[in-house]
Amino acid sequence: MKRKMTTNNSEKTLIVFDTNRLQTTLDGEHDYSLFDPKGDIKRLKDFIIKNNLGNKILIGFSDIVLREYCNHRKEDFNSKLNQCKTLCSKMKNLENCSFDNVEFPEDSFDYGNYLLDKVQKTISNPENGFVLISLDEEKHSEVFKKILDRAINHKKPFDERGDRGFKDSLIFESLVGFQIKNNFAKIILFTGNLKDFPDELKEEFSKSTGKLLGIESNYDLLEQTLERVYRILIKYPKLFEYLKSDYFKAKLIDYTNDFFGLGINNFTIINYCVEIEIGRAHV
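No experiment lies behind these values; they were computed from the predicted model shown.

Trainee: Tell me about the overall build of the protein chain, residues and numbers included.
Mentor: The secondary structure content of the protein chain amounts to 11 helices and 5 strands. Across the protein chain, the fraction of contacts at a sequence separation of at least 24, relative to all contacts at a separation of at least 6, is 74%.

Written as structure tokens, this is what we have:
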């Protein structure tokens, strides 16, 4: 189920959907046979495709978020199924009504597992650009101790009473471990629960990983953030491609040797420019 990070992620951004954002995104999906993300997920995928950023922006889901989502959908499915059975029972004696060929799932049918299998296949398909974020089994004991310490000391995401926030704490710890292992340029948590992910958690994330954790609750603001990060790629894609080409590198070597006599025959560009301003000459 897990999509392994086998390429360099140091220039990539990972957008992680919290349960509340995943739930509202998929509330409009009425076909229980599918896991077909729409809403903000579709908007984000359209943005990525439109700006040719498929190798720069990935969409992530925590394992616990997906399981919680499947459980919510299972409850909804069972409720709708019972309603359907009740309606059929009420209508079966009407003239011109026949439900003899209607087949309902057996009582042993577990829709949650059925949907989870659909989710796993969707996440594991590399064409979708999705990433599963899960905790390594060998880290379970260590993470549990950290979460227990958070609960006892009322540290966020736990509230002041210390009895709410287990799931959010697990998500946070999984993001820390995932970032340490995969080294993304930035991870952005897209959540509707800002109060449980305050600035102190951003600081803790930065100390633990050496990288920034962004937190957004509004899709339009999320897209604006991505436009700022990848401004050059969006506005000047051909120029950026040229700057990263071997041809440009060779020309730069010739320039430094011809004008400065440095004798350089090989080098690596560590940081590319972050801003390009193109002005128009005034006559």
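Trainee: Any details on a nonpolar patch on the surface? Residues and values, ideally.
Mentor: Residues Leu87, Met91 and Leu94 make up a contiguous nonpolar surface patch of roughly 270 Å² in combined accessible area. Here Met91 shows up in helix 3 (residues 63-91). Taking the relative accessible area as the measure of exposure, Met91 reaches 37% and is therefore partly exposed.

Trainee: Tell me about the pattern of salt bridges, and name the residues and values.
Mentor: All told, the structure shown has 13 salt bridges when counted by the stated rule. Put simply, Arg43 and Asp220 hold a salt bridge, and the shortest N to O gap is 3.0 Å. Remark: Asp220 occurs in helix 8 (residues 219-229) and Arg43 occurs in helix 2 (residues 39-50); sequence separation between them is 177 residues. Arg43 gets classed as partly exposed once you look at its relative accessible area, which sits at 39%. A salt bridge links Asp110 to Lys74, with the shortest nitrogen-to-oxygen separation between them at 3.3 Å. With Asp110 in the loop between helix 3 and helix 4 (111-124) and Lys74 in helix 3, the pair connects residues that are 36 residues apart, well separated along the chain. Judged by its relative accessible area of 28%, Asp110 falls in the partly exposed class. Each of Asp18, Glu68, Lys167 and Asp168 takes part in one network of salt bridges that share partners.

Definitions and cut-offs
- Residues numbered from 1 in each chain as written.
- Predicted model: local features only at pLDDT ≥ 70, side-chain atom pairs only at ≥ 80, totals over all residues.
- Heavy atoms only, no water.
- Helix = DSSP H or I, 4+ residues; strand = E, 2+ residues; numbered from the N terminus.
- Contact = heavy atoms within 4.5 Å.
- Patch = residues over 30% accessible without salt bridge, like charges linked within 9 Å, V, L, I, M, F, W, Y side chains within 5 Å.
- Areas by Shrake-Rupley, 256 points an atom, 1.4 Å probe, with all protein chains shown as cover.
- Salt bridge = Lys/Arg side-chain N within 4 Å of Asp/Glu carboxyl O.
- Buried < 20%, exposed > 50% of the residue type's maximum accessible area, 1.4 Å probe, protein only.

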